[in-house]
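# An overview of the molecular structure
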Amino acid sequence: MKALVYHGPGQKAWEEVPDATIQEPTDVIVRVDTTTICGTDLHILQGDVAAVTDGRILGHEAVGTVTEVGDAVTGFSVGDRVLVPAITKCGRCAYCQRGMPSHCQTVGGIGWIFGHLIDGTQAETVRVPYADTSLYAVPEGVTNEQAIFLADSLPTGYEVGVLAGQVRPGDTVAVVGAGAVGLSAILTTGLWGASKVIAIDTNKFRLEKALEFGATDAVEVGPGTVAEVIALTDGLGVDVSIEAVGYPETLLTAASLVRPGGSIANIGVHGTPVELPMQDMWIQNVRLTMGLVDTVSIPTLLKMVASGRIPAEKMGTHSFTFSQMDEAYDVFKHAAANSALKVVITPS
Ligand SMILES: NC(=O)c1ccc[n+]([C@@H]2O[C@H](COP(=O)([O-])OP(=O)(O)OC[C@H]3O[C@@H](n4cnc5c(N)ncnc54)[C@H](O)[C@@H]3O)[C@@H](O)[C@H]2O)c1
Ligand SMILES: [Zn+2]
Ligand SMILES: [Zn+2]
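Residues numbered from 1 in each chain as written. Chains lettered and ligands numbered in written order. Predicted model: local features only at pLDDT ≥ 70, side-chain atom pairs only at ≥ 80, totals over all residues. Heavy atoms only, no water.

Time to look at the side chain of Arg206. If you trace the backbone, Arg206 turns up in helix H7 (residues 204–212). Buried charge without a partner: Arg206 forms no salt bridge, and the closest opposite charge is Asp201, 5.4 Å away. Aside from chain neighbours lying at most four places away, what touches Arg206 is Ala178, Gly179, Leu183, Asp201, Ala335, Ala336, Ala340 and Leu341. (Helix = DSSP H or I, 4+ residues; strand = E, 2+ residues; numbered from the N terminus. Buried < 20%, exposed > 50% of the residue type's maximum accessible area, 1.4 Å probe, protein only. Lys, Arg positive; Asp, Glu negative; His and termini not counted. Salt bridge = Lys/Arg side-chain N within 4 Å of Asp/Glu carboxyl O. Contact = heavy atoms within 4.5 Å.)

What follows is the structure, given as structure tokens:
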């Protein structure tokens, strides 16, 4: 088969590799019908993720068809259309049992293993460990182009942003960063009855998208950002401030927008220390949350996509075939210049 193989920083190739095969009785093999690229794949290609070594097949998001099942698999059969989520879970370890498979101990000490600790989904076929507890059947009425965004970005914006930030009816919410993840938070915040959703970004195209995805206000980053958001909330600040970029300055912006009693929900992956003004924050009765997505909200999100409440397909702006993998990476890497959000990649 062919797959996108990592060969060290800056090096990748769509090349011939051995077919994916069943290794454990709990495995299934999935033919990849749709995949996409995540910002994390770009971090890997920059050499930022040391655990990813030469020869690893990249990718941790897929929708596909089961082609082979291990002897112990009871929940899936050949021909089933399935969503392969970014997080793999055994279902039995202490973290899986408390609903936190992001830290599944059985699959490798962390639930994110595809394109990280084992071969990933940017390939013609992929081996899925612990298939019964990890895969999701895709309901009829949900297309591959919708389901693919439930593998990572939608659950991330929803779980690590909206749910961790405890958005409640009537709340005012700020989302710093309107990329795929921030837009996912914007798409799902309305489901909790937020009265005002303020998108904040440096990029005009992303801000236009944010308004299409349900933001009530858009604020372009500049010297007056904080004052502008405070003015939009009657001088109080927001109830929930969601950070979806991953830089010190964006977390500091998110922290300065929250009102007393509110929540700061950090989603961004940070690569450097952040100095928080604790001398001002300690007295504010605010919460700060952070963490890796669990993807346990996928069944909920699938129902809402099926019923039309979440237009997940809006996330895909560009389509490519497997043989155009390099082009797909180029467009995604320069997403702002290409007016791109997420790319949809299919066999042909
Ligand atoms: N916690 C998790 O489990 C998890 C999972 C997936 C992704 N992430 C992280 O979430 C973050 C967002 O991911 P994404 O895929 O949406 O990334 P993205 O690059 O598509 O989006 C980031 C957005 O931030 C905007 N931005 C850049 N600088 C800014 C600034 N100074 N102020 C305001 N906006 C600014 C960009 O214009 C862009 O629209 C990343 O850090 C990613 O690694 C976390
Ligand atoms: Zn990802
Ligand atoms: Zn587990």
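With respect to spatial proximity, 23 residues lie near ligand 1, and among them Asp201, Arg206, Val245, Gly291 and Val293 are the closest. In this structure, Val245 approaches ligand 1 through a main-chain N or O atom, which is 2.7 Å from an oxygen atom. About the coverage of ligand 1: the protein hides 81% of its 860 Å² of free accessible area. When contributions to the shell around ligand 1 are tallied by element, the ones reaching two or more residues are helix H6 (180–189) and strand E9 (196–201). Of the residues in the shell around ligand 1, the class split is 12 nonpolar, 8 polar and 3 charged. (Near = heavy atom within 4 Å. Polar contact = N/O pair within 3.5 Å; in protein donor to acceptor, adjacent residues only side chain to side chain. Areas by Shrake-Rupley, 256 points an atom, 1.4 Å probe, with all protein chains shown as cover. Nonpolar A, V, L, I, M, F, W, Y, C, P; charged D, E, K, R; others polar.)

Once that is clear, we can look at helix H9 (residues 248–256). For H9, the set of buried residues is Thr250, Leu251, Ala254 and Ala255. Within H9, the buried residues cover an arc of 140° as seen down the axis, which keeps them to one side. Where the residues of H9 are buried, they touch strand E8 (172–176), strand E11 (238–243), strand E12 (258–266), helix H10 (278–281) and strand E13 (287–289). (Arc of directions from axis to C-beta.)

With distances of 1.8 to 2.3 Å, the protein atoms coordinating the zinc ion (ligand 2) are Cys38 (SG), His60 (NE2) and Asp152 (OD). For Cys38, a relative accessible area of 11% puts it in the buried group. (Donors = N, O, S within 2.8 Å, 3.2 Å for Na, K, Ca; no water.)

Our focus in this paragraph is the coordination of the zinc ion (ligand 3). Surrounding the zinc ion (ligand 3) are the protein donor atoms Cys90 (SG), Cys93 (SG), Cys96 (SG) and Cys104 (SG), which sit 2.3 to 2.4 Å from the metal. The coordination sphere of the zinc ion (ligand 3) comprises 4 donor atoms, whose angles at the metal cover 104 to 115°; the geometry is tetrahedral. Along the chain, the residues donating to the zinc ion (ligand 3) fall in the pattern C-x2-C-x2-C-x7-C. Residue Cys93 is located in the loop between strand E5 (81–84) and helix H2 (94–97), and its partner Cys104 is located in the loop between H2 and strand E6 (125–128); the two are separated by 11 residues in the primary sequence. A residue is classified by how much of its surface remains accessible, and Cys93, at 11% relative accessible area, is buried. (Tetrahedral: all angles 85-135°; square planar, octahedral: opposite > 155°, others 65-115°.)

The next thing to look at is the environment of Leu191. One can find Leu191 in the loop between H6 and E9. For the pair Leu191 and Glu15, spaced 176 residues apart in sequence, the C-alpha separation works out to 43 Å. Those residues in contact with Leu191 that lie beyond four places of it in its chain are Met304, Arg309 and Ile310.

Under the definition given, this model contains 1 aromatic pair. A cation over an aromatic ring shows up here: Lys314 above the ring of Phe213, its NZ or CZ 5.7 Å from the ring centre. (Phe/Tyr/Trp six-rings, centres within 6.5 Å; stacked < 30°, edge-to-face > 60°. Lys NZ or Arg CZ within 6 Å of the ring centre and 35° of its normal.)

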